[in-house]
Amino acid sequence: MLGTFAKAFRTPDLRRKLLFTIGIMVLFRLGSFIPTPGVDYAVINSIQKQASSNDLMGLINLFSGGGLLQLSVFALGIMPYITASIIVQLLRVVIPRFETLHKEGQSGQTKLTQYTRYLTIALAILQSTAVITTARSGALFGTAGVGKQVIDPDNAWTVTLMIITMTAGTGLIMWMGELITEKGVGNGMSLLIFTSIVAGFPSSMGQILQGNKGITNFIVVLVVFVAVIAAIVFVEQSQRRIRVQYAKRMVGRRTYGGSTTYIPIKINTAGVIPIIFASSLLALPSMLIQFVSDPSNKVVVWIQNNLGQTDPLYLVLYAALTIFFCFFYTAITFNPEEVADNMKKYGGFIPGIRAGRPTAEYLNYVINRITTPGSIYLAVVALVPQVLFGFLGVSQNLPFGGTTLLIIVGVGLDTVKQIESQLQQRHYEGFLR
């Protein structure tokens, strides 16, 4: 593999793409350390040593590469764009115009991308306002009374400047991600998320080593996650291939069709989205109680005692919501009727299945059977880190979770495949033999 990388760097155009991608990733990391105007960086660092954010803010902080808790220029990270993309995709079911654009091909996709950009900026304004509000109240750091040390609550211009800066930072991240996709190697947005997650690994492993039974916990965590990553690679590469036969057609004097292909259906069709939905939904109660002035309130006490990341009720709800969102998101992204209509339009059919409605029913049957083990697999991947950290007594603010592992493996496999395809175009030996 190292020899293949060496050959990739010997190819001028591929070397240029790789260096461009690495350069954008370095700029993205530098932006995570540049403080927003009006923030005392020294005070932020001192607070972080004693404070811990809630689950939802921890997720956003993970995708921003630690920039959220530092209130940096890139504090929001890539989360506004991810949220906007998911919303636009879900709106295809509600708004017929979006579904029409989706079917129009490249021109329609361009318009949907433009709508996603506009929505990203709008969400960035809302999220930056929410982040600054939680920072001023101290809820962002999990410690009350520290917000005034970081941000002057009486200076409206400073707050406005911070909102503008964070929103501009989100727009810049979105632009850098699109530059990587266009001129670099791999999917730009995914690589920026990958960079944010991997950047927190060294410090997180250091936290494990510094804790009680540091070396033992370090070895246990390392072994478990190597095993989990191996299992994720195996499942993510697995797929059910439905054979499709195309009938021969005569167009003038030429014969078209007569070929055999297949429809690849992955076991995990929904990807990492169900885990993000489930963790975000369960994190909302813990975030909202930060703003309650009465800590003895029965609702607050119940949430604190039952919705912690290692509580049995939390784990059960986490698994149930992950399975539910897996079926929900798969039903939205994979439309058996649309696939069956396209096959019928071009003369394709599944051997033994009639074209049209029987094909749609068969595809729906297959996708439901595959989604069942896929959703259970997602739930297990999501729960293994939670149970492991609870058993070892390790802090929950580490970037080791089902979301992070799936993203790392998925982005890694996709990037390697793209480099592999470009190497094969130049008749080089690839990573896979």
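Residues numbered from 1 in each chain as written. Predicted model: local features only at pLDDT ≥ 70, side-chain atom pairs only at ≥ 80, totals over all residues. Heavy atoms only, no water.

### Some points on the environment of Leu-71
Within the fold, Leu-71 resides in the loop between helix H4 (55–63) and helix H5 (79–94). Leu-71 gets classed as buried once you look at its relative accessible area, which sits at 0%. (Helix = DSSP H or I, 4+ residues; strand = E, 2+ residues; numbered from the N terminus. Buried < 20%, exposed > 50% of the residue type's maximum accessible area, 1.4 Å probe, protein only.)

### Quick word on a nonpolar patch on the surface
Together, Phe-9, Leu-19, Ile-22, Val-26, Leu-27 and Leu-30 make up a nonpolar patch on the protein surface, roughly 530 Å² of accessible area in all. Among the elements that line the nonpolar patch, the one with the most residues is helix H2 (residues 12–31), at five residues. Along the polypeptide, Leu-30 turns up in helix H2. (Patch = residues over 30% accessible without salt bridge, like charges linked within 9 Å, V, L, I, M, F, W, Y side chains within 5 Å. Areas by Shrake-Rupley, 256 points an atom, 1.4 Å probe, with all protein chains shown as cover. Salt bridge = Lys/Arg side-chain N within 4 Å of Asp/Glu carboxyl O.)

### Remarks on the sheet that holds strand S1 (residues 239–246)
With antiparallel pairing, the three strands of this open sheet are ordered in space as S4-S1-S5. Among the strands making up the open sheet, the edge pair consists of strand S4 (260–266) and strand S5 (348–349). (Pairing = 2+ DSSP bridges.)

### A short note on the pattern of salt bridges
Side chains that differ in sign of charge can pair as their charged atoms come close. What the rule picks out here adds up to four salt bridges. A salt bridge links Arg-117 to Glu-178; the nearest nitrogen and oxygen atoms lie 2.9 Å apart. In this pair, Arg-117 sits in helix H7 (residues 106–137) while Glu-178 sits in helix H9 (residues 156–183), placing the two residues 61 residues apart along the sequence. The class for Arg-117 is partly exposed, based on a relative accessible area of 28%. By relative accessible area, Glu-178 is classed as partly exposed at 23%. With a shortest N-O distance of 3.3 Å, Arg-357 and Glu-361 are connected by a salt bridge. A residue pair is termed a helical-turn pair when its members lie 3 or 4 positions apart in one helix, as Arg-357 and Glu-361 do in helix H17 (residues 357–392) at four residues. A relative accessible area of 48% places Glu-361 in the partly exposed class.

### Regarding the layout of surface pockets
Of the pockets and cavities examined, the largest pocket occupies roughly 1500 Å³. Around the largest pocket, the lining comprises 40 residues; the ones closest to its centre are Asn-187, Ser-190, Val-272, Ile-273 and Tyr-329. For the lining of the largest pocket, the elements supplying multiple residues, two or more each, are H5, H7, H9, helix H10 (188–199), helix H12 (214–237), helix H13 (273–288) and helix H18 (402–425). At eight residues, H18 tops the list of elements feeding residues into the lining of the largest pocket. Looking at the lining of the largest pocket residue by residue, the class counts come to 17 nonpolar, 17 polar and six charged. (1 Å grid on protein atoms, 1.4 Å probe; cavity = no way out; pocket = protein on both sides within 12 Å on 5 of 7 lines; lining within 4 Å. Points joined across faces, edges and corners; volume = space filled by probe spheres on them. Nonpolar A, V, L, I, M, F, W, Y, C, P; charged D, E, K, R; others polar.)

### So, the packing of H9 against H10
Relative orientation of the contacting elements H9 and H10 amounts to 115°, with a least axis distance of 7 Å. Packed against H9, whose contacting residues are Ile-173, Met-174, Gly-177, Glu-178, Ile-180 and Thr-181, the element H10 presents Gly-188, Met-189, Leu-191 and Leu-192 at the interface. Its residues assigned to classes, the contact of H9 with H10 shows six nonpolar, three polar and one charged. (Axes fitted to C-alpha atoms, helices over the stretch in contact; angles between N-to-C directions. Contact = heavy atoms within 4.5 Å.)

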